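# Chain and residue survey
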Amino acid sequence: MNKKVFKNVIRKEKFILTVSALLFTWLVFSGCAATPKSQEKIELNGMIYDTQNRPVVNYDIYIDGKYECTSDIGGRFLIKNIKTGEHDFYGTGAGYLNIQEKISVRDKLQIIYLRVSSVETKFSEAYEFLKEGELNKAEECVQEVLECYEENIDALYFMCVINYLKGNKEEADNYFLKIKNKEGSGRYEKELEKIIYN
């Protein structure tokens, strides 16, 4: 084999080795970078507002049954080290209903927006339904409050009035006895009495 042919063979072998090394390196590093999305941990930003678009402050966020964070004065929250994929979000805070949602976490650019009703909003809705004679709708609103705050005096007043208007005297009396044993009167007591005695 002459010198020229020998140099060409060596050059081709070096080229093949270089390409092989680059290919191997690329495969190793791209394999590490291609961590499945379900195993990737990210920081996730979120905001929580009420139904009047006001930020909800001091609202506790739980992910998959574990406490994660509390919303700040602007309704913002940050969840650290959450895996991408589907999660159960649960939230609770004084004066607001609880929320429970399944949320799919995709990437760190995603922002989670949560909306929650305040107890006052639910009572206002129930009061309007009562004035219109929509007893079942009023009861649904109040039941949502009772699911979170079973001893709420205003909710008990509402249930007493709703059952009285429905003709369920025994149920109305049961709610009345619960109210009677509590200190202080509810905010809606006088308004609800007007509905009964009009």
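One numbering rule holds for all chains: residues counted from 1, following each sequence as written. The predicted nature of this model means local features are confined to residues of pLDDT at least 70 and side-chain atom pairs, given and counted, to a pLDDT of 80 or more, with totals for whole chains, interfaces and linings taken over all residues. To obtain the side-chain values, all non-hydrogen atoms of the structure were used and water was disregarded.

Here we come to unusual backbone geometry. Residue N53 is not a glycine yet carries a positive backbone phi of 65°. Runs of E in the DSSP output that reach at least two residues are strands. Runs of H or I that reach at least four are helices, and both are numbered from the N terminus. Relative to the helices and strands, N53 is located in the loop between β1 (41-50) and β2 (60-63). Of note in the backbone geometry, N81 takes a positive phi value of approximately 55° without being a glycine. Turning to its location among the elements, N81 is positioned in strand β4 (residues 76-83).

Moving on to helix α4 (residues 153-166). A helix is expected to reach a length of 1.5 Å times the quantity of its residues less one. Over its 14 residues, α4 extends 20 Å from the first C-alpha to the last, a length consistent with the 20 Å expected when each residue adds 1.5 Å. Partly exposed describes any residue whose relative accessible area lies between the buried limit of under 20% and the exposed limit of over 50%, with all areas from a 1.4 Å probe on protein chains only and scaled to the type maximum. Counting buried positions over the 14 residues of α4 gives 11, a clear majority of the element. Pairing of N or O atoms within 3.5 Å defines a polar contact, subject to two protein rules: one partner must be a possible hydrogen donor and the other a possible acceptor, and residues neighboring in sequence count only if both atoms are side-chain atoms. Regarding α4, its N-cap is N152, as a side-chain oxygen of that residue lies 3.0 Å from the backbone nitrogen of D154 further along. Within two residues after α4, G167 carries a phi angle of roughly 90°, on the positive side.

Right, let's talk about the sheet that holds strand β6 (residues 99-105) for a bit. If you trace the 4 strands from one edge of the open sheet to the other, you get β3-β2-β5-β6, paired in antiparallel fashion. Each edge of the open sheet carries a strand with a single partner, namely β3 (66-70) and β6. Recorded for the sheet is a direction-independent mean angle of 30° between the axes of neighbouring strands. Paired strands are those between which DSSP finds at least two bridges. Two elements, β2 and strand β5 (residues 85-92), share 4 bridges in a ladder whose sense is antiparallel. Bridge pairing links Y62 to Y90 in β5. Structural elements are reduced to axes, namely lines fitted to C-alpha atoms, with helices fitted over the stretch in contact, and the angle between N-to-C directions of any two is expressed from 0 to 180 degrees.

What follows deals with the confidence of the model for the chain. One number per residue, pLDDT, summarises how confident the predictor is, and it ranges from 0 to 100. Looking at the chain as a whole, the pLDDT averages 82, with 73% of positions reaching at least 70. Across the chain, the element-wise mean pLDDT spans from 54 in helix α1 (residues 3-33) up to 96 in helix α3 (residues 135-148). Here, residues are in contact when the closest pair of their heavy atoms is within 4.5 Å. In the predicted structure, residues 32-37 sits below a pLDDT of 50 and forms 2 contacts with residues beyond four places in sequence or in another chain.

Attention shifts here to the pairing of β3. By the bridge criterion, 4 bridges tie β2 to β3 in an arrangement that is antiparallel. Counterpart to I61 in the pairing with β3 is C69. Linkage of β2 to β3, two consecutive antiparallel strands, is achieved through a turn of 2 residues, within which D64 is found at a positive phi near 50°.

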